[in-house]
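Chains, contacts and geometry: an overview
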Amino acid sequence: MSSIKLIISDLHLADGHAILDGFGNAQQAALEGLLDAGRDVEDVELIINGDCFDFLVIPPFQKDETTDPVTALGKLEKVIAAHRPFFELLHMFISTPGR
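Residues numbered from 1 in each chain as written. Predicted model: local features only at pLDDT ≥ 70, side-chain atom pairs only at ≥ 80, totals over all residues. Heavy atoms only, no water.

A look at the packing of aromatic side chains
Inspection of the entire model under this criterion finds 4 aromatic pairs. Look at Phe53 and Phe55: their rings are 6.4 Å apart centre to centre, the planes differ by 20°, and that puts the pair in the stacked class. Clustering of aromatic rings is evident, with ring pairs tying together Phe23, Phe53, Phe55, Phe86 and Phe87. (Phe/Tyr/Trp six-rings, centres within 6.5 Å; stacked < 30°, edge-to-face > 60°.)

Considering helix H3 (residues 84–95)
Between its first and last C-alpha atoms H3 spans 16 Å; for 12 residues at 1.5 Å apiece the expected length is 16 Å, and the two agree. Buried within H3 we find Phe86, Leu89 and Phe93. Across the axial projection of H3, the buried residues extend over an arc of 70°, all falling on one side. Along H3, the residues that are exposed and aim more than 90 degrees away from the buried face are Glu88, His91 and Met92. Against helix H1 (25–37) and strand S2 (43–48) lie the buried residues of H3. (Helix = DSSP H or I, 4+ residues; strand = E, 2+ residues; numbered from the N terminus. Expected span 1.5 Å × (residues − 1). Buried < 20%, exposed > 50% of the residue type's maximum accessible area, 1.4 Å probe, protein only. Arc of directions from axis to C-beta. Contact = heavy atoms within 4.5 Å.)

Details of the pairing of strand S1 (residues 3–8)
Bridge count for S1 against S2 is 6 bridges, and the pairing is parallel. Paired with Lys5 across the strands is Glu45, a residue of S2. Handedness of the crossover joining S1 and S2 through H1: right-handed. (Pairing = 2+ DSSP bridges. Right-handed = clockwise from strand over helix to strand, strands pointing away.)

Remarks on the environment of Ala26
Assignment of secondary structure puts Ala26 in helix H1. Through-space distance from the C-alpha of Ala26 to that of Lys5 is 22 Å; in sequence the pair is 21 residues apart.

Structure (structure tokens):
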């Protein structure tokens, strides 16, 4: 049985504002191509290695550079809304047997 590990990092998904969001159409297409390349392999592991979500560039900003669960959840909701194709692709990938 073949197996591969795909390691990605520094995606910097934010709220969709082009100046601070590090994940756009080109990155989405590259990720789709990467995951598609392993479609014929039975065992594929995707490792997201840090800096996937960039909450620090999403308002509201705290003066003391801290956050709370409610604020973090609001920021995550903004990331999800701005990057639906990413989350749909991720869902499809992890729903596939052997992933």
